[in-house]
Amino acid sequence: MLDIARLRLLRAVIATGSIRASASALGYTPSAVSQQLSALQRETGLRLFDRVGRGIEPTDAGRTLAAESESLFEAVSKLEGVVGDLRAGRVGSLSIGYFGSAGATWLPRVVAVLREEFPELRLDLRMTELRDGLTAPDIDLFVEAARAEAQPHAEIHRLADDPYLLVVRTCDPLAAHDEVPLAALAERSWVDNDLQRGACRQVLLDACAEAGFAPSFVVETHDYATAIPFVSTGIGITVVPRLGIGDLPEGLTTTRLINPSPVRHISVAVRKAVADHPAAIRALDVLDEVVGD
């Protein structure tokens, strides 16, 4: 019988493309993840990964096993939710997936309203940015990828178009302009601010490619809140979606980008099975209100 925990690790590693990233996201050490993957290979008798340089690359067998286990995790997740509700005497649950900047900006009001109007509802909040192979939540806030995967079991609604802004020091010559061509940043040093395989980062990289260059990253961070203070030091500039800007430190400002203007498209997926659930309907109403403010 296959070990479910090891299958979950397999799916996470394939989704992130990195043992280290998966270990960090799931609370394991990289060595522990490697050991569990080796055990899964012995358990299945399959070669699930190949060594490529210092990293790994999933084999066709590994990808197939991860994909075919999706229905298993959907069933396990549903069963665990039922057990939890029965144990606690709750009447129903709703899971909401989110990515960092949307979670910080939009979800607090959504959760507050749901807690007030549906006090017996169990809310399950999940950061789904890494797409670690877990089953899809009932409601999922996500950034559309260039090649979006079909979601036959969900209804998709566009929530917002979120333009990227240049973050620079106020003493930078670029700060004097209301708009800056993206190509003007080709020779600048950049502070990276997102997950390597993140959809938000890819939107920016695609726009830079359209402008004829690839960013020169001199510092690598994985979130906007960390990247922005680096700009204050003069190390480089960074480009952040408007939703992720927050309160800028003193001495920094933002400028619009043009030719092209990078924009990430934020949507919400609602599983058809819960589309008529009163709490799901209310959550979408509140989201529309929050996004429109």
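For the structure, check the block above.
Residues numbered from 1 in each chain as written. Predicted model: local features only at pLDDT ≥ 70, side-chain atom pairs only at ≥ 80, totals over all residues. Heavy atoms only, no water.

Draft legend 1. The arrangement of the state of the cysteines in detail. Scanning the model with the defined rule gives zero disulfides in all. No disulfide involves Cys200; its sulfur sits 14 Å from the nearest other cysteine sulfur, which is in Cys208. (Disulfide = S-S within 2.5 Å.)

Draft legend 2. Focus on the packing of helix H1 (residues 4–16) against helix H3 (residues 30–44). Running from N to C, H1 and H3 cross one another at 115°; their axes reach a closest spacing of 9 Å. The angle between H1 and H3 falls in the class roughly perpendicular. Classified by chirality, the crossing of H3 by H1 is left-handed. Every residue of H3 that contacts H1 at Arg6, Leu7, Leu9, Leu10 and Val13 is listed here: Val33, Gln36, Leu37, Ala39, Leu40 and Glu43. When grouped by side-chain class, the residues that make up the contact of H1 with H3 number eight nonpolar, one polar and two charged. (Axes fitted to C-alpha atoms, helices over the stretch in contact; angles between N-to-C directions. Helix = DSSP H or I, 4+ residues; strand = E, 2+ residues; numbered from the N terminus. Parallel < 35°, antiparallel > 145°, perpendicular 65-115°, else oblique. Left-handed = near helix turned anticlockwise from the far one by under 90°. Contact = heavy atoms within 4.5 Å. Nonpolar A, V, L, I, M, F, W, Y, C, P; charged D, E, K, R; others polar.)

Draft legend 3. How the structure looks around the pattern of salt bridges. Applying the stated criterion across every chain yields a total of 14 salt bridges. The residue Arg11 makes a salt bridge to Glu70 at a minimum N-O spacing of 2.3 Å. Taken together, the residues span a long stretch of sequence, with Arg11 in helix H1 and Glu70 in helix H5 (residues 70–88) at a distance of 59 residues. For Arg11, a relative accessible area of 8% corresponds to the buried category. (Salt bridge = Lys/Arg side-chain N within 4 Å of Asp/Glu carboxyl O. Buried < 20%, exposed > 50% of the residue type's maximum accessible area, 1.4 Å probe, protein only.)

Draft legend 4. Structural context of the packing of helix H2 (residues 19–26) against H3. Interhelical geometry of H2 versus H3 gives an angle of 105° and a closest axis separation of 8 Å. Classed by the angle they form, the pair H2 and H3 counts as roughly perpendicular. For the pair formed by H2 and H3, the contact residues are Ile19, Arg20 and Ala23 on the first element and Pro30, Val33, Ser34 and Leu37 on the second. Of the residues assigned to the contact of H2 with H3, the class counts are five nonpolar, one polar and one charged.

Draft legend 5. Quick peek at helix H9 (residues 224–232). By the burial criterion, the buried members of H9 are Tyr224, Ala227, Ile228 and Val231. All buried residues of H9 fall inside an arc of 100° around its axis, so they share one side. Phi turns positive one or two residues past the end of H9, at Gly234, with a value near 90°. (Arc of directions from axis to C-beta.)

Draft legend 6. Just the pairing of strand E8 (residues 189–193), in detail. Extensive coverage of E8 is indicated by the burial of four of its five residues. Two elements, E8 and strand E9 (residues 216–221), share five bridges in a ladder whose sense is parallel. Note on E9: the bridge partner recorded for Trp190 is Phe217. (Pairing = 2+ DSSP bridges.)

Draft legend 7. Structural context of the side chain of Asn193. With respect to the element layout, Asn193 can be found in strand E8. In this structure, Asn193 is in contact with Thr221, His222, Asp223, Tyr224, Ala227, Thr238, Val239 and Val240, ignoring residues within four places of it in sequence.

Draft legend 8. Up close: the environment of Ala227. Assignment of secondary structure puts Ala227 in helix H9. Residue class for Ala227 comes out buried when judged on its relative accessible area of 0%. Considering only alpha carbons, one finds Ala227 and Trp190, 37 residues apart in sequence, at a separation of 9.7 Å.

Draft legend 9. Here's a closer look at helix H7 (residues 107–117). Regarding H7, the residues found buried are Leu107, Val110, Val111, Val113 and Leu114. Down the axis, H7 shows its buried residues gathered within 160° of arc, on one side only. Those residues of H7 that are buried are in contact with strand E3 (93–98), helix H6 (100–105), strand E4 (122–127), strand E5 (139–143) and helix H10 (278–292).

Draft legend 10. Just the environment of Val191, in detail. Secondary-structure assignment places Val191 in strand E8. In this structure the C-alpha to C-alpha distance between Val191 and Thr221, which are 30 residues apart in sequence, comes to 7.3 Å. Ignoring sequence-local partners within four residues, the contact set of Val191 consists of Phe217, Val219, Thr221, Ala227, Phe230, Gly236, Ile237 and Thr238.

Just distances and angles here, no functional claims.
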